[in-house]
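Spelled out, the chains give:
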Amino acid sequence: MTSTSTSGTAPTTGTAAAVEVEQVTRRYGRGDQAVTALGPVDLRIDTGEFLVLVGASGCGKSTLLRLIAGFEEPSTGRVTVAGAAPEPGRGAGLVFQQPRLLPWRTVGSNVDLALRYAGLAASERVARRDALLHRVGLDGIAHRRIWEISGGQQQRVAIARALAVDSQLLLLDEPFAALDALTRERLQEDLRQVSAETHRTSVFVTHSVDEAVFLGSRVIVLSKRPGQIALDLPVDLPRTGATPDEIRALPAYATARSTVAHAVRAAAA
Ligand code: ADP
Ligand code: MG
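Residues numbered from 1 in each chain as written. Chains lettered and ligands numbered in written order. Predicted model: local features only at pLDDT ≥ 70, side-chain atom pairs only at ≥ 80, totals over all residues. Heavy atoms only, no water.

For the structure shown, the criterion picks out 2 aromatic pairs. Ring geometry for phenylalanine 50 and phenylalanine 204: centres 6.0 Å apart, planes at 40°, overall tilted. Here phenylalanine 50, found in strand S3 (residues 50-54), pairs with phenylalanine 204, found in strand S7 (residues 201-206); they are 154 residues apart in sequence, far enough to count as distant. Residues phenylalanine 50 and phenylalanine 204 agree in their burial class; the two are buried. Each residue in the set Phe50, Phe176 and Phe204 is aromatic and connected to the rest through ring pairs, giving one cluster. A cation over an aromatic ring shows up here: arginine 100 above the ring of phenylalanine 96, its NZ or CZ 3.9 Å from the ring centre. (Phe/Tyr/Trp six-rings, centres within 6.5 Å; stacked < 30°, edge-to-face > 60°. Helix = DSSP H or I, 4+ residues; strand = E, 2+ residues; numbered from the N terminus. Buried < 20%, exposed > 50% of the residue type's maximum accessible area, 1.4 Å probe, protein only. Lys NZ or Arg CZ within 6 Å of the ring centre and 35° of its normal.)

Below, the structure written as structure tokens:
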């Protein structure tokens, strides 16, 4: 492959971090009404990391995610994605607590829209769409309407759509918070596998300590508002070749869990 290739599959970012957050603060409002929601935060996320942000409600997790997505600008400091200013809507695949799909359309056409937006030719889209649906465990339901499928399946479609974005970066804001416990566990397991297979860089927001430690290759705990980094913990658990039960039974899992839980309690105090 030459350096002028436009296939978009090989990262060509050189030494640039996947995401760099430098001395970032974010304030809302003016004068007496001003609230500092976040910062200052310094954070470098390397390509392929699965970074989980944990912290109490209102500590600035979603604010940090929106800054990385390019939906907002920092009040001070700088955010870069692959060395450049983030491009809202194009720089990352996004998944929110609610799937935000087009309910009157089919599963397939919701994913197809994202592929079209990413610039794929019609001739390539059907195969790509089916591969993405397969990857999130949704074989054979491309023709179903969104309103006909379960909440867990809808969230799977939302993940497939995020993977359709031609970007190395996935941003997920409490994507499983509205699901029942069993569905949530299944989706955690599948997302863990999908992320290992696709080598995406992921930033995932949750307030569940278990979810954070199970999913993250690195866990960041934010203090209460204005959110600052209270803990930055690499989680050294196998990303492939171990079952979820085996991972949860490892001593390193229990140790990381108690470290994160302690930091969350201390940060909220
Ligand atoms: P989290 O996702 O951790 O629950 P948020 O990032 O949503 O927290 O919010 C952090 C703080 O910033 C909260 O106190 C919230 O009220 C405030 N905030 C967020 N967005 C806005 C906004 N658009 N205008 C004013 N205040 C905001
Ligand atoms: Mg939030």
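Continuing now.
The next thing to look at is the pairing of strand S8 (residues 218-222). With 5 of 5 residues buried, S8 is to be regarded as a mostly interior element. In S8, alternate side chains face the same way, and those of Arg218, Ile220 and Leu222 on one face and Val219 and Val221 on the other are all buried. Where S3 meets S8, 4 bridges bridge the pair, whose relative direction is parallel. Bridging from a neighbouring strand, valine 54 pairs with valine 221 of S8. Between S8 and strand S9 (residues 229-234), which pair antiparallel and follow one another directly, the connecting turn spans 6 residues. (Pairing = 2+ DSSP bridges.)

Attention shifts here to the pairing of strand S1 (residues 19-28). As paired strands, S1 and strand S2 (residues 35-45) are joined by 7 bridges and run antiparallel to one another. Its bridge partner lying in S2, valine 21 is registered against leucine 43. Counted along the chain from S1 to the antiparallel partner S2, the turn is 6 residues long, and its residue glycine 29 has a positive phi close to 80°. The pairing of S1 with strand S4 (residues 76-81) spans 5 bridges and is antiparallel. Across the sheet, the residue bridging to valine 21 is valine 79, located in S4.

Before going further, it helps to spend a moment on the sheet that holds S9. Across the sheet, 6 strands lie side by side as S5-S6-S7-S3-S8-S9; this open sheet has mixed pairing. Unpaired on one side and paired on the other, strand S5 (93-95) and S9 mark the two borders of the sheet. Across the sheet, the mean angle separating the axes of adjacent strands is 15° when strand polarity is ignored. Two strands pair when backbone bridges link them, and S8 and S9 are joined in this way by 5 bridges, in the antiparallel orientation. By the bridge assignment, arginine 218 is partnered in S9 with proline 234. Along the sheet face, helix H4 (residues 151-164) touches S5 and strand S6 (169-173) and points at about 165° away from the line of S5. (Axes fitted to C-alpha atoms, helices over the stretch in contact; angles between N-to-C directions. Contact = heavy atoms within 4.5 Å.)

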